[in-house]
Amino acid sequence: QDTEGEVDNPFNPWGKPNAENQLEVDNMVDNVFPRAMRKEGTAPTSIDVDVLTTNVLGKDTFQASAKPQKISGGYVIRGKMAANLKDSGDELIRLLDEKIDDFSPQWNERYQVSYMTDPTPTMLDDVENLNGSPVLVVHSRDMTPSTGILLNSGVSAVSIFFAFVFIISTFGQNDVVMQRLTEANNNSNYDLTWFNQLITPLLLSLGVSQFLHESAHLFVAKKDGFKMTPPTILPSVALPWLSFQNRLKTSPKNLSQLFDFASAGPAVGMASSIAFLLIGLQLTVNMDATQLQYAPSVPVGFLNFSSLGGNIVDYVLSGGSDGGIILKQDPNVSIPLHPLAIGGFAGMMINALDLIPLAGTDGGRMSLALLGRPGHLAFSGVIFLVLFGYSLFAGHADIILGYLFINTFTQKDLEIPSRNEVDDVGLGKAAIALLLWSTAILTLVPAS
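**Student:** Go over the overall build of the protein, please, and point to the residues and values.
**Tutor:** If you tally the helices and strands in the protein, you get 15 helices and nine strands. Seen through its principal axes, the protein has C-alpha atoms that stretch 80 × 50 × 40 Å. In the protein, the share of contacts with a sequence separation of at least 24, taken over all contacts with a separation of at least 6, comes to 75%. Roughly 21,500 Å² of accessible area belongs to the protein as shown, and the carbon and sulfur atoms make up 60% of that amount. With 27 positive and 43 negative side-chain charges, the protein shows a separation of 7 Å between the mean positions of the two kinds.

**Student:** How would you sum up the side chain of Gln112? Please name residues and give values.
**Tutor:** Take Gln112: it is sitting in strand 4 (residues 111–117). Here the side chain of Gln112 touches Ser114 through a polar contact of 3.2 Å, side chain to side chain. With near-sequence residues (within four places) excluded, Gln112 lies in contact with Trp107, Val137, Val138, His139, Ser140, Arg141, Met143, Ser251, Pro417 and Arg419.

**Student:** Pulling in residues and values, what's your account of the pattern of salt bridges?
**Tutor:** Oppositely charged side chains may form a pair once their charged atoms are brought near each other. Per the counting criterion, the structure on display carries 13 salt bridges. With a closest N to O distance of 3.1 Å, Asp142 and Lys39 form a salt bridge. Placement of the pair is Asp142 in the loop between strand 5 (134–140) and helix 5 (149–169) and Lys39 in the loop between helix 1 (22–32) and helix 2 (46–55), with a sequence separation of 103 residues. Its relative accessible area of 34% is what places Asp142 among the partly exposed residues. Linking Arg365 and Asp362 is a salt bridge whose minimum nitrogen-to-oxygen distance equals 2.8 Å. Taken together, the positions of Arg365 and Asp362, both in helix 13 (residues 362–393) and three residues apart, correspond to about one turn of that helix. Across this residue pair, the class does not change: Arg365 and Asp362 are buried.

**Student:** Tell me about the side chain of Asn304, residues and numbers included.
**Tutor:** Considering the arrangement of structural elements, one finds Asn304 in the loop between helix 10 (300–303) and helix 11 (307–317). Of the residues examined, Asn304 reaches a relative accessible area of 6% and is grouped as buried. Contact partners of Asn304, with chain neighbours within four places excluded, come to Leu327, Pro446, Ala447 and Ser448.

**Student:** How would you explain helix 3 (residues 89–103) if you had to name every residue and give the values?
**Tutor:** Taking 1.5 Å of rise per residue, 15 residues should cover 21 Å, and helix 3 covers 21 Å from first to last C-alpha, within 8% of that figure. Among all positions in helix 3, only Gly89, Leu92, Ile93, Leu95, Leu96, Asp97 and Ile100 are buried. Buried residues in helix 3 make contact with helix 2, strand 1 (62–64), strand 3 (74–81), helix 4 (105–110), strand 4 and strand 5.

**Student:** Give me the lowdown on the packing of helix 6 (residues 175–186) against helix 7 (residues 193–224), citing residues and values where you can.
**Tutor:** Following both chains from N to C, one finds helix 6 and helix 7 inclined at 145°, their axes separated by 11 Å at the closest point. In this structure, helix 6 meets helix 7 at a crossing whose hand is left-handed. For the pair helix 6 and helix 7, the contacting residues are Val177, Arg180 and Leu181 in the first and Trp194, Phe195 and Leu198 in the second. Each residue belonging to the contact of helix 6 with helix 7 can be placed in one class, and the counts come to five nonpolar, no polar and one charged.

**Student:** Describe the environment of Ile274, with residues and values.
**Tutor:** Along the polypeptide, Ile274 turns up in helix 8 (residues 255–285). A relative accessible area of 22% means that Ile274 is categorised as partly exposed.

**Student:** An account of helix 1 is requested, with residue identities and associated values reported.
**Tutor:** Turning to helix 1, its buried residues number three or more, namely Glu24, Val25, Asp26, Met28, Val29 and Val32. Next to the buried residues of helix 1 lie strand 2 (69–71) and helix 13. Of the residues that open helix 1, the one with a side-chain oxygen 2.9 Å from the backbone nitrogen of Leu23 is Asn21.

**Student:** Let's hear about the confidence of the model for the protein: which residues, and what values?
**Tutor:** Residues shown with low pLDDT carry predicted positions that ought not to be read at fine detail. Here the protein shows a mean pLDDT of 91. Residues at 70 or above account for 95%. Note that residues 1–12 has pLDDT below 50 and, in this model, eight contacts with residues that lie over four places away or in other chains.

**Student:** Report on a nonpolar patch on the surface, specifying residues and quantitative values.
**Tutor:** On the surface, a nonpolar cluster with roughly 310 Å² of combined accessible area is contributed by Ile160, Phe164, Ile168 and Leu203. Top element by residues in the nonpolar patch is helix 5. It accounts for three residues. Along the chain, Ile160 turns up in helix 5.

**Student:** Residues and numbers for the packing of aromatic side chains, please.
**Tutor:** Per the counting criterion, the structure on display carries eleven aromatic pairs. Centroid distance Trp194 to Phe195: 5.8 Å. Interplanar angle 70°. Geometry classified as edge-to-face. Across this residue pair, the class does not change: Trp194 and Phe195 are buried. Their ring planes at 50° and their centres at 5.2 Å tell us that Phe302 and Phe345 sit as a pair that is tilted. Note that Phe302 is positioned in helix 10 and Phe345 in helix 12 (residues 339–354), a separation of 43 residues in sequence.

**Student:** Can you explain the packing of helix 8 against helix 13? Please cite residues and give values.
**Tutor:** The interhelical angle for the contact between helix 8 and helix 13, taken along N-to-C directions, is 150°, at an axis separation of 8 Å. With respect to helix 13, the element helix 8 is oriented roughly antiparallel. Crossing hand, helix 8 versus helix 13: left-handed. Packed against helix 8, whose contacting residues are Leu255, Leu258, Phe259, Phe261, Ala262, Ser263 and Pro266, the element helix 13 presents Asp362, Arg365, Met366, Leu368, Ala369 and Leu370 at the interface. When its residues are assigned to classes, the contact of helix 8 with helix 13 shows ten nonpolar, one polar and two charged.

**Student:** An account of the nonpolar core is requested, with residue identities and associated values reported.
**Tutor:** Counting 86 residues, the largest nonpolar core has Leu303, Leu337 and Leu353 as the members making the most contacts within it. Apart from residues no more than four positions distant in its own chain, Leu353 is found in contact with Leu239, Leu242, Ile399, Ile400, Tyr403 and Leu444. Grouped together as the second largest cluster of nonpolar side chains are 21 residues, Val56, Leu57, Ile100 and Tyr111 included.

About the thresholds
- Numbering of residues starts from 1 in every chain and runs along the sequence as written.
- Per-residue local features are limited, in this predicted model, to residues with pLDDT of at least 70; the limit for side-chain atom pairs, both in listing and counting, is 80 or more; totals at the level of whole chains, interfaces and linings are taken over all residues.
- Excluded from the side-chain calculation are hydrogens and water; included are all heavy atoms of the structure.
- Only DSSP runs of H or I reaching four residues or more are called helices, and only runs of E reaching two or more are called strands; each is numbered from the N terminus.
- Whether two residues are in contact is decided by their heavy atoms, any of which lying within 4.5 Å being enough.
- For the accessible areas, the method is Shrake-Rupley and the probe is 1.4 Å, while residue cover comes only from the protein chains on display.
- Positive: Lys, Arg. Negative: Asp, Glu. His and the chain ends are not part of the count.
- Where a charge lies is defined by one atom per residue type: Lys uses NZ, Arg uses CZ, Asp uses CG and Glu uses CD.
- N or O atoms within 3.5 Å of each other form a polar contact, as long as, within protein, one can give a hydrogen and the other can take it, and as long as residues adjacent in sequence are counted only when both atoms are side-chain atoms.
- One speaks of a salt bridge when a side-chain nitrogen belonging to Lys or Arg is within 4 Å of a carboxyl oxygen belonging to Asp or Glu.
- Partly exposed describes any residue whose relative accessible area lies between the buried limit of under 20% and the exposed limit of over 50%, with all areas from a 1.4 Å probe on protein chains only and scaled to the type maximum.
- Expected span of a helix: the number of residues minus one, times 1.5 Å.
- For helices, the fitted axis covers only the stretch in contact; all axes are lines through C-alpha atoms, and the angles between them, taken along N-to-C directions, range from 0 to 180 degrees.
- Crossing handedness is read from the near helix: turned anticlockwise from the far helix by less than a right angle, it gives a left-handed crossing, and turned clockwise, a right-handed one.
- Throughout this entry, Asp, Glu, Lys and Arg are counted as charged residues, while Ala, Val, Leu, Ile, Met, Phe, Trp, Tyr, Cys and Pro are counted as nonpolar. The remaining residues, Gly among them, count as polar.
- Across the chain, each position has a pLDDT score giving the predictor's confidence in that residue, from 0 to 100.
- Think of a patch as exposed residues, more than 30% relative accessible area, with no salt bridge, where like charges cluster within 9 Å and nonpolar side chains (Val, Leu, Ile, Met, Phe, Trp, Tyr) cluster within 5 Å.
- Two aromatic rings, drawn from Phe, Tyr or Trp (for Trp, its six-membered ring), form a pair once their centres lie within 6.5 Å of each other, and the interplanar angle then sorts them: stacked below 30 degrees, edge-to-face above 60, tilted otherwise.
- Working definition: roughly parallel below 35 degrees, roughly antiparallel above 145 degrees, roughly perpendicular at 65 to 115 degrees, and oblique for all remaining angles.
- For our purposes a nonpolar core is just a set of buried Ala, Val, Leu, Ile, Met, Phe, Trp, Tyr and Cys residues, chained together by side-chain atoms within 4.5 Å.

What follows is the structure, given as structure tokens:
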């Protein structure tokens, strides 16, 4: 009940959550943390937390100022970091782990202490800290996503099928190729080596770009000592695939490491896709009559999906003129391109979508690292509404609406906590994010 005697309505989305109501506290925490933190039977008990507060916390680490508060999936401990640690969250976590290992290694194997901003409604009353005051969150160390291998494999298999449909469809307007395929089918001639040779460059450009994307993620994870799940391929109808979804199984040391992990994949993937596009366009310009006969093609409407990609195609194929020769044609007109160019163009779109700052995408992880969890939730909510409205009224709903639909079901959870989510990542990483997001915007904004 508030100060005017009105009963709080827990179902009112515009109402301020009540810090004294456990249901409202848990609802807020559930929005801030992923479901992987709340596996049944893995959360610490009050006895487990007492072990920490009694034997580890103190004046030389973190001095608790109140009794630990139970939240969904764990406990929050409010207090203040020791002055001798000079506000270094990394040093606090290192010292806590050291003390816990000395006292009870088994405790450290089951549970984890993360230094974070307050995830409960109490943070809304903090006028000094926008994201809330720093607290310790005690939770399970087992945060591996519980999605089954069979389900992930099934989704990936469907996505690979759609990828082949996309690749084959690029030859749908090629009369020479379609006639040979029809004749082979009528004559029961299943030797399609010649057709496999045609689609191999397209497969190569798409596969290499995505491989480099995932390898960059893996390199950062290995370097910084945390683990990630194998990727699950998410399907798309308008593109070869939507994204390769991976989740973290163990926590990065801090938000700086999370940002490096998130940005490395799409940065490398985007750079390699642009390279494939430029190489493919140069090969397109140099194709002879025979090669053009067997070239795949995409409609002008597809090229117009991307302002950056479409204008690169237009500029190169127009011989460096003022442009518009390609993009101003009828959207249904097919433009023959070398397979590497089509793969590079599609790869740019895929990596740009991955940079959109929603929930658990790579762009979302970057946003979380820069803005904190409450800030990221607000920012991603605005981005979702803007994209949804734009896709409805701008007439380019094919890719964006499909992306939002799939994302709502597959990547709605935020990433698992980093060990230290209080220390800022710095202006340098903010500049990198601005560059990558600017590239994504130019890629996803239609040329016309």
